[in-house]
Amino acid sequence: MGRKVKAYSITTDAIAAEAARAKAAGEEVDVARVVQLDYLELPDPGPRDVHLKILAASAEHNISHAATADTMNIAEARGGKMYPGNSAVGEVLAVGTQVTKFAKGDVVITHCNGGPDAYGFPTRIWAYDSPDSVGWYAKEAVVGDWQIVKAPLDCGLNLWEIAALPLRAPTAYHMWRRALAIYRIKVPRERRAVLNVLGFGGGVSELFLMNAKAEGHNAFFCSGSPERRKALEQQGIVGIDQKAFHRFASRDDVKAFTKEVKKLTNGEGADIVCDMLRGPVFEAGFAIAAREGVNVSAGWQLSQQITYNSTLASVKQVTLDHTHYETLEGVVAATELYGRVYKPTVHSEIYSFEDLPRAMDEMTRNVQTGIPIIRIADDMPDSVKGLLG
């Protein structure tokens, strides 16, 4: 028999109760009231399984969707209860008899490809819509050996920065390689070597732009957070204050933003746009697209629906590309870029395990200065004690 460990869950009862309370009070849903401390019974590890002690995890926006049921009631679809958390760093406590790549004491990172299709891309996301999947906002976990990669502890990042990347880095890596490849089908390198690349939003867009900058392109980060813009400007990425354009609330705001981007790009516009938000951001991203441009997305934080002028897109040869998480091979490739290319902006507070619900709510309300990280373990292994800066 397995044993019980502390873990966070989201239930349909908690979602309904908080939705009713918020409606009666005339308030927004408080995600911290929905993500609740619970207990999880770990299964007995099988021959290809790995038993982990979770050291740290990052907050992810799929938790906001699950807790508010704004896109769908995923907890209901999962039978009324789910255990979230699909981005974590853990220490190996034990391995199954057929596990050869990992050993007790290894520090590893998880990935959330919940079931590869015939070409390796995820059909579902682990700890979200993958059936029977259990997440890693827990003190311990049992995972398949195919779900983890050794953490690059010598990459130059601290533990919290490493914990920011398991979900975000593969997503950004996938989006960048796809968008660039699509653009190069239309415009080969010998015709245009340096591109203008712009990203909206948070962690994934930051990493996407780090890919672009590392390969010699002009990179622009449009964000309402001065702290995040400053951090990227230190890496040579130009910041644009999204609030100066009222988050594109009107057509005039979009026109003003387009004018600013044209000014920054010598009248050219953006060759590649990373948009993880959609909603009003999509119109702005579509408006700034240069001829032969690519608009790539793997997110829908503000809206699942978009509308655009198909005729204009055809005339300008603009391509919209919709991606999701990486293949297993892509996860490994993205991990190789930790510290070399990916240097994430981490929120100023490292949350305790007990404060995880607050971290999720503050993420949902967009008040954090970087990627939110939760310290899960009280006692850290010696191998990472020098990485707690």
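Further up the page is the structure itself.
So, how was this worked out
Residues numbered from 1 in each chain as written. Predicted model: local features only at pLDDT ≥ 70, side-chain atom pairs only at ≥ 80, totals over all residues. Heavy atoms only, no water. Helix = DSSP H or I, 4+ residues; strand = E, 2+ residues; numbered from the N terminus. Rg over C-alpha atoms; globule rule 2.2 N^0.38 Å. Buried < 20%, exposed > 50% of the residue type's maximum accessible area, 1.4 Å probe, protein only. Contact = heavy atoms within 4.5 Å. Areas by Shrake-Rupley, 256 points an atom, 1.4 Å probe, with all protein chains shown as cover. Lys, Arg positive; Asp, Glu negative; His and termini not counted. Charge placed at Lys NZ, Arg CZ, Asp CG, Glu CD. Pairing = 2+ DSSP bridges. Axes fitted to C-alpha atoms, helices over the stretch in contact; angles between N-to-C directions. 1 Å grid on protein atoms, 1.4 Å probe; cavity = no way out; pocket = protein on both sides within 12 Å on 5 of 7 lines; lining within 4 Å. Points joined across faces, edges and corners; volume = space filled by probe spheres on them. Nonpolar A, V, L, I, M, F, W, Y, C, P; charged D, E, K, R; others polar. Salt bridge = Lys/Arg side-chain N within 4 Å of Asp/Glu carboxyl O. Arc of directions from axis to C-beta. Polar contact = N/O pair within 3.5 Å; in protein donor to acceptor, adjacent residues only side chain to side chain. Core = buried A, V, L, I, M, F, W, Y, C linked by side-chain atoms within 4.5 Å.

A. Local environment of the overall build of the protein. Counting secondary structure elements, the protein contains twelve helices and 16 strands. Taking 2.2 N^0.38 as the reference for a compact globule, 389 residues should give roughly 21 Å; the C-alpha atoms of the protein span a radius of gyration of 21 Å, in line with that estimate. Expressed along its principal axes, the backbone C-alpha trace of the protein runs to roughly 65 × 55 × 40 Å. Taken across its 389 residues, the protein has 55% of its residues classed as buried. Long-range pairs, those at least 24 residues apart, make up 72% of the contacts in the protein between residues at least 6 apart in sequence. Total accessible area on the protein stands at roughly 16800 Å², and carbon and sulfur atoms take up 49% of it. Charge centroids of the protein, computed over 43 positive and 47 negative side chains, lie 5 Å from each other.

B. Spotlight on the sheet that holds strand 13 (residues 289-297). Spatially, the six strands line up as an open sheet ordered 11-10-9-12-13-14, and their pairing is parallel. Bordering the open sheet on either side are strand 11 (238-241) and strand 14 (319-322), each of which pairs with just one other strand. Across the sheet, the mean angle separating the axes of adjacent strands is 20 degrees when strand polarity is ignored. Against the sheet, helix 5 (residues 168-186) makes contact with strand 9 (196-200), strand 12 (270-275), strand 13 and strand 14, and its axis sits at roughly 155 degrees relative to strand 13, the strand it touches most. The strands that helix 7 (residues 226-233) touches are strand 10 (218-223) and strand 11; relative to strand 10, the one it contacts most, it runs at about 170 degrees.

C. Molecular detail of the layout of surface pockets. As a volume, the largest pocket reaches approximately 1200 Å³. Considering the residues around the largest pocket, the lining is formed by 49 residues, among which His61, His65, Met276, Leu277 and Gln301 are closest to the centre. Contributions of two or more residues to the lining of the largest pocket are made by helix 2 (61-68), helix 5, helix 6 (203-214), strand 10, helix 7, helix 9 (280-287) and strand 16 (371-375). Among the residues forming the lining of the largest pocket, the class breakdown is 21 nonpolar, 21 polar and seven charged. The space that makes up the second largest pocket amounts to roughly 240 Å³.

D. The arrangement of the pairing of strand 5 (residues 88-95) in detail. As judged from the seven bridges shared by strand 3 (residues 49-58) and strand 5, these two strands associate in the antiparallel manner. In the strand pairing of strand 5, histidine 51 is matched with alanine 94. For strand 5 and strand 6 (residues 107-110), the ladder comprises three bridges, and the chain directions are antiparallel. From the neighbouring strand, glutamate 91 faces strand 6, where its bridge partner is valine 107.

E. Region of interest: the pattern of salt bridges. In total, this model carries 24 salt bridges according to the counting rule given. Arginine 33 is paired through a salt bridge with aspartate 30; the nearest N and O atoms lie 3.6 Å apart. Take arginine 33: its relative accessible area is 44%, and that puts it in the partly exposed class. Among the residues examined, aspartate 30 registers a relative accessible area of 23% and is labelled partly exposed. The residue arginine 358 makes a salt bridge to glutamate 362 at a minimum N-O spacing of 3.1 Å. Here the residue arginine 358 and the residue glutamate 362 both occupy positions in helix 12 (residues 356-364), the gap between them amounting to four residues, near one helical turn.

F. Geometry of helix 7. For helix 7, the full list of buried residues reads Arg228, Arg229 and Leu232. All buried residues of helix 7 project into a common sector of 100 degrees when viewed along the axis, lining one side. In the core, the buried residues of helix 7 are packed alongside helix 6, strand 10, strand 11 and strand 16.

G. Broad picture of the side chain of glutamate 140. Structurally, the position occupied by glutamate 140 is in strand 7 (residues 140-144). Of the polar contacts made by the side chain of glutamate 140, one reaches the side chain of arginine 3; its length is 2.3 Å. At 2.7 Å, the side chain of glutamate 140 forms a polar contact with the side chain of histidine 51.

H. Looking closely at the sheet that holds strand 1 (residues 4-11). As summarised here, the arrangement of the three strands in space is 2-1-4, forming an open sheet in which the pairing is antiparallel. The open sheet is flanked by strand 2 (36-41) and strand 4 (81-82), the only strands paired with a single partner.

I. Region of the structure containing the nonpolar core. Ile10, Phe208, Ile272, Tyr338, Tyr342 and Met360 are the most contacted members of the largest nonpolar core, which has 97 residues in total. Looking at which element gives the most residues to this core, the answer is helix 5, with eight residues. Each residue touching phenylalanine 208, except ones within four places of it in the same chain, is listed here: Ala172, Met175, Trp176, Ala179, Val197, Ile272, Cys274 and Val296. Counting residues in each nonpolar core, the second largest holds 16 residues, with Ile240, Val261, Ala270 and Ile288 among its members.

J. Just unusual backbone geometry, in detail. With a phi close to 65 degrees, phenylalanine 248 is a non-glycine residue in the positive phi region. Inspection of the secondary structure assignment puts phenylalanine 248 in the loop between strand 11 and helix 8 (251-264). On the basis of relative accessibility, which here comes to 3%, the residue phenylalanine 248 falls in the buried class. You will see that asparagine 266, though not glycine, has its phi angle at about 55 degrees, which is positive. Within the element layout of this structure, asparagine 266 appears in the loop between helix 8 and strand 12. The exposed category is assigned to asparagine 266, whose relative accessible area is 72%.

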